[in-house]
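A closer look at the structure
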Amino acid sequence: MSPVYLDYNASGLVRPEVQDVMARALADNGNPSAVHAAGRRARARIETARAQVADLVGADPTAVVFSSGGTESNAQAILSAISAGCERLIVGATEHPCVAEAATASGKPVKMLPVDARGVVDLNKLRQLLGQPGRAVVAIHHANNESGVIQPIAEAARLVRSAGGWLHVDAIQSAGKIPVDIRTLKADSLTLSAHKLGGPQGVGALVMAEGREAVRILHGAGQERGLRAGTENVPGITGFGASAVCAARDLPTAMAHAAWRDAAEAVVKAAGATIIGEGAERLPNTLFMAVPDWESPQQLITLDLMGLMVSAGSACSSGKTKPSRAIVATGRIDMATGGIRISGGWGTVEDDWKRFAAAWVEAYAKQRQRAAARGKVDA
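Scope of this entry: the structure provided in the associated data block. What you see is a predicted model; the values in this text were computed from it and never measured. (Residues numbered from 1 in each chain as written. Predicted model: local features only at pLDDT ≥ 70, side-chain atom pairs only at ≥ 80, totals over all residues. Heavy atoms only, no water.)

Taken together, the buried positions of helix α10 (residues 296-305) are occupied by Ser 296, Gln 299, Leu 300 and Leu 303. Buried positions in α10, seen along its axis, are confined to an arc of 100 degrees and lie on one side of it. Turned more than 90 degrees away from the buried face of α10 sit Ile 301 and Leu 305, all of them exposed. (Buried < 20%, exposed > 50% of the residue type's maximum accessible area, 1.4 Å probe, protein only. Helix = DSSP H or I, 4+ residues; strand = E, 2+ residues; numbered from the N terminus. Arc of directions from axis to C-beta.)

Laid out in structure tokens, this is it:
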């Protein structure tokens with residue numbers, strides 16, 4: 001049987017449509033700052049992509065600043081808020097490390113916003129934190145990259161705005177899986193990444209709300225309206241635009257994945273798995289599960305040998321035996337090193353989820369048998 005890829009939250013498989021437009025851009029790769037014909041064609045590709053990405057999240061194209069990826073854009077968003085007068089930061093307990101680290105590196109005071117047992121931010125605590133002195137930039141991701149838990153962004157935005165703060169929303173995981181609109185969310189800034197949409201790696205975007213200004217964090221020439229120096233990655237940006245169009249087109253299909261996920265979830269839960277984020281609204285493509293008696297790396301290796309590619313939560317931490325940030329934040333320390341994430345995407349079919357569930361149940365049963373046998377020998 002052919003291998004099954006269920007790690008779209010780490011990086012989606014590149015869509016055929018994206019490969020096609022990138023190949024054409026690579027074959028005609030003029031510098032977009034040049035005034036000759038090849039340069040003008042490159043510039044046109046960038047501006048077309050800018051409009052396509054903006055359309056995915058309901059923004060004006062002039063609000064989009066392209067970057068090397070979500071990490072850079074998250075850092076630029078935080079520094080933009082500080083430049084606008086924010087004196088401190090409030091960061092969700094389950095935020096991606098690139099947001100948490102950028103907050104720490106800013107040199108401003110940072111307070112952690114806790115989550116409940118499901119992984120949903122505590123709005124009452126947010127209200128209390130916002131009541132403390134100083135304007136705050138609040139960073140809450142739209143959906144968690146590990147558990148897929150969706151946060152109450154619109155409600156948080158009302159609290160932040162009433163306190164005169166700045167709400168930054170990392171929408172890297174949610175875009176293309178659920179509707180994302182910067183105006184509806186009432187975010188001041190929002191970030192995206194192409195490779196989560198079936199586009200290329202190494203391309204991201206910062207999207208600014210009306211009335212908000214980005215500050216440059218890379219200095220040099222005047223690319224990206226002076227907000228991000230360096231010759232633009234024309235093929236990558238072109239692919240980003242194409243992936244945004246495909247993601248918007250396929251959104252109804254993406255929402256339908258929840259039924260497949262739910263069926264697989266029921267099977268593994270019956271076999272002893274704990275579902276992280278259960279009871280909260282979650283991305284339709286994401287299942288994050290854990291057991292206390294089987295470490296994540298061993299699960300990944302076993303499943304890989306069975307032809308199933310999944311991950312241990314954040315791709316930035318995969319391959320390292322370290323506690324899951326999302327699990328720790330919900331208080332399940334006993335499960336923190338036994339979590340795995342299964343995430344589907346544009347190339348996923350129902351049978352992929354069925355194969356995963358059956359394989360994991362079989363493998364877990366064998367793991368427990370081995371553990372029981374070792375216990376008898378030790379005794």
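This part covers the packing of helix α3 (residues 70-83) against helix α4 (residues 97-105). Two quantities define a packed helix pair, namely the angle between the axes and the distance from one axis to the other. Put simply, α3 and α4 touch, their axes get as near as 9 Å, and they point 35 degrees apart. In this structure, α3 crosses over α4, and the sense of that crossing is right-handed. Along the contact surface, α3 presents Thr 71, Asn 74, Ala 75 and Ile 78, while α4 presents Cys 98, Val 99, Ala 102 and Ala 103. Taken together, the residues of the contact of α3 with α4 break down into six nonpolar, two polar and no charged. (Axes fitted to C-alpha atoms, helices over the stretch in contact; angles between N-to-C directions. Left-handed = near helix turned anticlockwise from the far one by under 90°. Contact = heavy atoms within 4.5 Å. Nonpolar A, V, L, I, M, F, W, Y, C, P; charged D, E, K, R; others polar.)

Below, the discussion takes up the pattern of salt bridges. Side chains that differ in sign of charge can pair as their charged atoms come close. Scanning the model with the defined rule gives 21 salt bridges in all. We note a salt bridge from Arg 43 to Glu 232, for which the minimum N-O separation is 3.2 Å. Placement of the pair is Arg 43 in helix α2 (residues 37-56) and Glu 232 in the loop between β8 (204-208) and α8 (234-249), with a sequence separation of 189 residues. Classification of Arg 43 as partly exposed rests on a relative accessible area of 25%. Judged by its relative accessible area of 7%, Glu 232 is buried. Between Asp 262 and Arg 261 there is a salt bridge; the shortest N-O distance is 2.8 Å. Classification of Asp 262 as partly exposed rests on a relative accessible area of 38%. Accessibility expressed as a relative area gives 5% for Arg 261, which makes it buried. Taken together, the shared-partner salt bridges in this structure form one network comprising Arg 43, Glu 47, Arg 50, Glu 224 and Glu 232. (Salt bridge = Lys/Arg side-chain N within 4 Å of Asp/Glu carboxyl O.)

Below, the discussion takes up the sheet that holds strand β3 (residues 88-92). A sheet is described by the order of its strands in space; here seven strands give the open sequence β2-β8-β7-β6-β5-β3-β4, paired in mixed fashion. Edge positions in the open sheet fall to β2 (64-67) and β4 (110-113), since each of these has one partner strand only. This sheet shows a mean twist of 20 degrees between the axes of neighbouring strands, independent of strand direction. In this sheet, β8 lies alongside strand β7 (residues 189-193) in antiparallel orientation, the contact comprising five bridges. Each bridged residue has a counterpart across the sheet, and for Thr 191 the counterpart in β8 is Leu 206. (Pairing = 2+ DSSP bridges.)

This part is about the nonpolar core. Core analysis: the largest hydrophobic core is formed by 48 residues, its most contacted members being Phe 66, Leu 126, Ile 140, Leu 190, Leu 192, Val 207 and Phe 240. Sorting elements by how many residues they give to this core places α2 first, with six residues. The contact partners of Leu 190, leaving out residues within four places of it in the chain, are Val 57, His 168, Val 169, Ala 171, Val 180, Ile 182, Leu 185, Ala 205, Leu 206 and Val 207. Formed by 23 residues, the second largest nonpolar core is a distinct cluster that contains Ala 264, Ala 273, Ala 363 and Tyr 364. (Core = buried A, V, L, I, M, F, W, Y, C linked by side-chain atoms within 4.5 Å.)

With respect to the secondary-structure elements, Asp 28 resides in the loop between α1 (16-26) and α2. Using a relative accessible area of 18% as the deciding quantity, one classes Asp 28 as buried. Note: C-alpha distance between Asp 28 and Leu 206 (178 residues apart in sequence) is 26 Å. Residue contacts for Asp 28: discarding those within four places in its chain leaves Ala 38, Arg 41 and Arg 45. Of the polar contacts made by the side chain of Asp 28, one reaches the side chain of Arg 45; its length is 3.4 Å. (Polar contact = N/O pair within 3.5 Å; in protein donor to acceptor, adjacent residues only side chain to side chain.)

This part takes up the sheet that holds strand β12 (residues 339-343). Strand order in the open sheet formed by three strands is β9-β10-β12, with antiparallel pairing between adjacent strands. Edge positions in the open sheet fall to β9 (274-275) and β12, since each of these has one partner strand only. As judged from the five bridges shared by strand β10 (residues 286-290) and β12, these two strands associate in the antiparallel manner. Residue pairing in the sheet places Phe 288 in a bridge with Arg 341 of β12. Across the sheet, helix α9 (residues 251-270) lies against β9 and β10, angled at about 10 degrees from β10, the strand it touches most.

We now examine the pairing of strand β6 (residues 166-170). Where a strand is regular, its side chains alternate between the two sheet faces. Counting buried residues in β6 gives five out of five residues, a clear majority hidden from the surface. Bridging between strand β5 (residues 136-139) and β6 involves three bridges; their strand directions are parallel. Note that in β6 the partner of Val 138 across the bridge is Leu 167. Once the chain exits β5 it traverses helix α6 (residues 153-162) before rejoining the sheet at β6, and the crossover so formed is right-handed. Looking at chain direction, β6 and β7 are connected through three bridges and run parallel. What sits directly across from His 168, in β7, is Ser 189. (Right-handed = clockwise from strand over helix to strand, strands pointing away.)

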